[in-house]
Structure formats: structure tokens, C-alpha cells
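Secondary and tertiary structure notes
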Amino acid sequence: MARHRKPLIAGNWKMNLGLAESEALAKQIKSSLPETPHCDIALFAPFTALGAVRAVVSSTPIWLGAQNVFWEKSGPFTGEISALQLKDAGCQAVLIGHSERRVIFGEKSADLRKKIGAVLDVGLFPVLCVGETLQEHQAQKAREVITSQIQEAIAEFTRQKLKSLTIAYEPVWAIGTGKTATPGQAQGMHDFIRNRLAALFDNEFSLQTRIIYGGSVKTDNIDALMAEPDIDGVLVGGESLKADSFIRIINFARRAIHV
Ligand code: 13P
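A brief structural summary. Per-chain numbering applies: the sequence of each chain, read as written, is numbered from 1 onward. Totals for whole chains, interfaces and linings use every residue, but because this is a predicted model, local features are given only for residues with pLDDT of at least 70 and side-chain atom pairs only at 80 or more, for both listing and counting. To get the side-chain values, all heavy atoms of the structure are used, and hydrogens and water are removed first.

1. Notes on the overall build of the protein chain
Strands are runs of DSSP state E lasting at least 2 residues, helices are runs of H or I lasting at least 4, and numbering of each runs from the N terminus. Check the secondary structure of the protein chain and you find 11 helices and 8 strands. Between the two quantities, the radius of gyration covers C-alpha atoms and the globule rule is 2.2 Å times the number of residues to the power 0.38. Its C-alpha radius of gyration of 17 Å places the protein chain within 12% of the 18 Å reference for a compact globule of 259 residues. Each principal axis of the C-alpha distribution contributes one length, and for the protein chain these read about 50 × 45 × 35 Å. Contacts spanning at least 24 positions in sequence make up 73% of the contacts within the protein chain whose residues lie at least 6 apart. Note on areas: these come from Shrake-Rupley sampling with a 1.4 Å probe, and a residue is covered only by the protein chains present in the view. A total accessible area of about 11,700 Å² is found for the protein chain, and carbon and sulfur atoms account for 52% of it. Each charge class in the protein chain was averaged separately, 29 positive and 27 negative side chains, and the resulting centres sit 2 Å apart. Whether two residues are in contact is decided by their heavy atoms: any pair within 4.5 Å suffices. A residue counts as positive if it is Lys or Arg and as negative if it is Asp or Glu; His and the chain ends are not included. A charge is said to be at NZ when it belongs to Lys, at CZ for Arg, at CG for Asp and at CD for Glu.

2. Observations regarding the sheet that holds strand β7 (residues 210-214)
The strand order around the closed barrel formed by 8 strands is β1-β2-β3-β4-β5-β6-β7-β8, and the pairing between neighbours is parallel. Between one strand axis and the next, the sheet turns through 25° on average, direction left out of account. If DSSP finds at least two bridges between two strands, the strands pair. Sheet topology note: the β7/strand β8 (residues 233-236) ladder contains 2 bridges and is parallel. Directly across from Gly214, in β8, lies its bridge partner Leu235. Lines are fitted to the C-alpha atoms to define the axes, a helix being fitted only along its stretch in contact, and any angle between axes, read from their N-to-C directions, falls within 0 to 180 degrees. Set on the sheet, helix α7 (residues 142-154) makes contact with β5 (125-130) and β6 (166-169); between it and β5 the angle comes to about 150°. Helix α8 (residues 183-200) rests against β5, β6 and β7 of the sheet, and its axis sits at about 150° to β7.

3. Quick notes on helix α5 (residues 109-121)
The first and last C-alpha atoms of α5 sit 18 Å apart over 13 residues, in line with the 18 Å expected at 1.5 Å per residue. Each residue is placed in one exposure class: buried if its accessible area under a 1.4 Å probe, protein chains only, is under 20% of its type's maximum, exposed if it is over 50%, and partly exposed if it falls in between. Residues of α5 that are buried include every one of Ser109, Leu112, Lys115, Ile116, Gly117, Ala118, Val119 and Leu120, and no others. Tucked into the core, α5 has its buried residues touching α3 (83-88), β4 (93-96), α4 (99-105), β5 and α7. Looking one or two residues past α5, Gly123 carries a phi angle of roughly 85°, positive in sign. To estimate how far a helix should reach, multiply one less than its number of residues by 1.5 Å.

4. A short note on unusual backbone geometry
At Lys14, a residue that is not glycine, the phi angle is positive and equals roughly 50°. Among the secondary structure elements, Lys14 is positioned in the loop between β1 (8-12) and α1 (19-32). At Ser216, a residue that is not glycine, the phi angle is positive and equals roughly 55°. With respect to the secondary-structure elements, Ser216 resides in the loop between β7 and α10 (222-226).

5. Observations concerning the pattern of salt bridges
A pair can form between side chains of opposite charge whenever their charged atoms are brought close. Whenever a carboxyl oxygen of Asp or Glu lies within 4 Å of a side-chain nitrogen of Lys or Arg, that contact is scored as a salt bridge. Scanning the model with the defined rule gives 15 salt bridges in all. One salt bridge in this structure joins Glu156 and Arg113, with 3.6 Å as the shortest N-O distance. Linking Glu156 in the loop between α7 and β6 with Arg113 in helix α5, this pair joins segments that are 43 residues apart in sequence. The exposed category is assigned to Glu156, whose relative accessible area is 55%. Residue Asp202 pairs with Arg159 through a salt bridge whose shortest N-O separation is 2.7 Å. Taken together, the residues span a long stretch of sequence, with Asp202 in the loop between α8 and α9 (203-208) and Arg159 in the loop between α7 and β6 at a distance of 43 residues. Accessibility expressed as a relative area gives 26% for Asp202, which makes it partly exposed.

6. Let's talk about the environment of Cys91
Along the chain, Cys91 falls in the loop between α3 and β4. For the pair Cys91 and Arg54, spaced 37 residues apart in sequence, the C-alpha to C-alpha distance is 8.0 Å. Leaving out residues up to four positions away in the same chain, Cys91 has contacts with Leu50, Leu64, Gly65, Ala66, Leu86 and Leu124.

Shown next, in the form of C-alpha cells:
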């Protein structure tokens, strides 16, 4: 069956890389790309490197992304950054509710809902991260957890408003652990998420929404992951810090979607 959704290959650099390293990595990725890539590519750089990466990717199809945002427009919120400031810095996309934000910084669904609203209001693309912990996974609660994470974050919006939404399924037990969900496990959850989206909104919305996978994505599992019908791309942590690996991930994806 033809894929309706253009794949998104995204790198989440997390709290890594200085200015020179960020610039060098972005340049290497840029120089490896064809003029019209087969997929969308996003680099979620640290706040401090947004300017440097923007200078490299501004006239390319690579999206600049931020890893977090605050929902207020401006004001006395020391240490926070608004959606408008991110747009001003050249961002096109924002990660919302990465599991490290949920687990380490206690972000709750109510916060994420406000962040999604703020991001959509200024015309940026939200990438909502969802995923179950190891404990929830072992207790067979993954589906229940994912259902409430999605529902609480997006149910209040209209499907028109959520047109640019991407969902990233990142099982917490697979992040940075070297343990990957098998392509079959990931496909099963992506299919489940798509069905939840259909139940919350409608079929058309569920078919147009990109659902990407994250958690120990590497050069040797990208092909099998991308071959699954409901895996519309990947969000890569550790391997996105190495130019060669990330470029190979982009290229493996290309091969996979052409077969
Ligand atoms: P790793 O690819 O290092 O497991 O990280 C995944 C992730 O958290 C991407 O957002």
C-alpha cells in the first residue's frame, strides 16, 4: 500500500554539542543531502546552538527544531523560552513532552497541552513524544498509558488545528539503553496510536498524521523499522550526534521506502 505520509527523520541532540560541533555536524548533514530529499529532516539542537545551526540550514530543506518551549507568550518566566522566540530564532518544529522532560522535570499532560497550543498558535510544528516506562511495559500497561498521554495532550484541539502534529512513540525502556522495540513491536504500537487518533477525531486525521519511532534507532535497524507501514520516520538520539550514522539513517530510510 502506498505511504500517505512523507517520512520525517529527526535528530534530537539533547544536551550535547557546543557551537563549533553543532555547526560542523549540521554542515556535514547538509552536504550529504540531495536537492530534494525523499524525507523531511529535522535537527533538534540545544537552544544555545539554534543560531549557529540556523545559519547552516536556513536555505535548505532541513528543519530547525527546539527541544522544549514554555506556553506563555512573554513575561516574568526566568529561564524559559516562548514559542514566538523560537520562531524568531528560526525554528520550524518543537519537541513536546520528551520522556526526559516528563520523568526528570515532572512535566504533566496539562503542561503539554498548553505547550502544543502555544506552538500551534505561532505556526510551528509540534512533535508530541509519548511512551511507556519499563515498569509500565512489564505490567502490560503500555496501551493504557499511551492512550491517556495522547488524549490528555490533544483531545481539546480540533483536527484542523492539529494538522501539523507529529507523534513520536518513544518507549522509555528503549531510550539510550541499546534495547530497541522490534520493528513488529513498534509497528503494533504505531497501529494502536493510529486507531486512537481515529477514535479521537476521524479516519482521515489518523491517516494523515505522522507517527515516528524513537529509542535506540541505529544504522542497523533503520531499514526494518522504516519498512513497517505505520512507522513514518524516526527520532534519533545518540546516533544523530555522529554525522556518518545519521546520514546513513537518512539513506537507509530512502532505500526502505523505495522498495
Ligand atoms: P536514543 O536514540 O539515544 O535511544 O534516544 C532516543 C531519543 O530519546 C530521541 O528523542
